[in-house]
Amino acid sequence: MARGCDFLGSETAIICGAMSWVSERNLVAAMSNAGGFGLIACGAMSPELLDAEIAATKSLTAKPFGVNLITMHPQLGDLIAVCARHQVSHIVLAGGLPPAGAIEAIKAAGAKLICFAPALSLAKKLIRSGVDALVVEGMEAGGHIGPVSTSVLAQEILPEVADKVPVFVAGGIGRGEAIAAYVDMGAAGVQLGTRFACAVESIAHPNFKKAFFRASARDAVASVQIDPRLPVIPVRALKNAGAERFLVTQREVAAALDAGEVDMAAAQLRIEHYWAGALRRAVIDGDVENGSLMAGQSVGMVTREEPVADILATLMAEAAIALEKRAA
């Protein structure tokens, strides 16, 4: 993990994946203070809200942390400028290829840029574009997902690009043995989200956490795209009424497209706003029936509330034992 630690500036190369409403100042600071690497989930925040969140996080930790920005955010340039003013060390761009000028603006601010690579061709393209590191995330992850499993993506991408930039593997990782396997394959580190969603330091509502504790891997299912015209990226979440409501939302957005009320960009934004609102209902308000319970398939390994430091220690101990057995 030395390469990943050097890149992140952390004691362990374990990133806490950005989870909207969950990855805020408290969890991010706790993650970085414990030796991992925290990421603020900007999501649909305004530049003013992000500015306040970064400042609050800096008041809780002197360790490095990053900010996850969504490429389709209409104020992406302003958000990058906020990160630059705060001298944020690492920026993650999620949700698609970086738009024109974004990479240049981030690099000009002196930040290290991390992007998601859901395919080998995109990984190579991003590296040519100047990205500093990649996250390879499989379909087992929570939130927005691609169509390929983590194990297949890792086998496809790591041998081709791991010698060029640090690559962090994500999606469905819940134990240290899996971390050891991916590091052994050439990964610089890993990213986990679901495993930390119910940490003691997470502000998620007790109802949200209880839903995770009760769930098994098969309860975390991917959303369905009902209209091929809609630019809908599948989302993995626990089954509930909120997931069913998403189908209704898609029909409403499709009807708005038919009526010429919105274009494709606006349609995608409306979908994203749906998820932001649904997540807030579950995470903050505790409405686990109508809100969104975004979770990866590793949710079955989340059985109780634990401090972030204990989760990290357990993962690292499991990984160390696994590597020792291989060396024996």
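Before reading on, note that the structure itself is shown above.
Structure report, in brief. On a predicted model such as this, the values are computed, not experimentally measured, just so you know. (Residues numbered from 1 in each chain as written. Predicted model: local features only at pLDDT ≥ 70, side-chain atom pairs only at ≥ 80, totals over all residues. Heavy atoms only, no water.)

### Quick word on the environment of Leu39
Right, so step 1: Note on placement: Leu39 falls in strand 2 (residues 38–41).
Right, so step 2: The residues touching Leu39, leaving out its near neighbours within four places in the chain, are Ile15, Cys16, Ala18, Ser23, Val28, Gly66, Val67, Val92 and Gln191. (Helix = DSSP H or I, 4+ residues; strand = E, 2+ residues; numbered from the N terminus. Contact = heavy atoms within 4.5 Å.)

### Observations regarding the sheet that holds strand 1 (residues 14–16)
Right, so step 1: Strand order in the open sheet made by the eight strands is 1-9-8-6-5-4-3-2, with parallel pairing throughout. In this open sheet, the two edge strands, each paired with only one partner strand, are strand 1 and strand 2. When strand polarity is set aside, the average angle formed by the axes of neighbouring strands in this sheet is 25°.
Right, so step 2: Where strand 5 (residues 112–116) meets strand 6 (residues 133–137), three bridges bridge the pair, whose relative direction is parallel. Residue pairing across strands places Cys115 opposite Leu134, the latter belonging to strand 6.
Right, so step 3: Of the strands in this sheet, strand 6 and strand 8 (167–170) are in contact with helix 7 (residues 150–161), which crosses strand 8 at around 175°. (Pairing = 2+ DSSP bridges. Axes fitted to C-alpha atoms, helices over the stretch in contact; angles between N-to-C directions.)

### Here we look at the packing of aromatic side chains
Right, so step 1: By the definition in use, this model includes five aromatic pairs.
Right, so step 2: Counting every residue linked through ring pairs, the aromatic cluster contains Phe246, Tyr274 and Trp275.
Right, so step 3: If you follow Arg280 out to its NZ or CZ, it ends over the ring of Trp21, 5.2 Å from the centre. (Phe/Tyr/Trp six-rings, centres within 6.5 Å; stacked < 30°, edge-to-face > 60°. Lys NZ or Arg CZ within 6 Å of the ring centre and 35° of its normal.)

### Details of the packing of helix 11 (residues 241–258) against helix 12 (residues 264–283)
Right, so step 1: Relative orientation of the contacting elements helix 11 and helix 12 amounts to 160°, with a least axis distance of 10 Å. On the basis of the axis angle, helix 11 is roughly antiparallel to helix 12. Read as a crossing pair, helix 11 and helix 12 show a hand that is right-handed. Counting all contacts with helix 11, which are made through Gly242, Arg245, Phe246, Thr249, Gln250, Val253, Ala256 and Leu257, the residues of helix 12 involved are Met264, Ala267, Arg270, Ile271, Tyr274 and Trp275. (Parallel < 35°, antiparallel > 145°, perpendicular 65-115°, else oblique. Left-handed = near helix turned anticlockwise from the far one by under 90°.)

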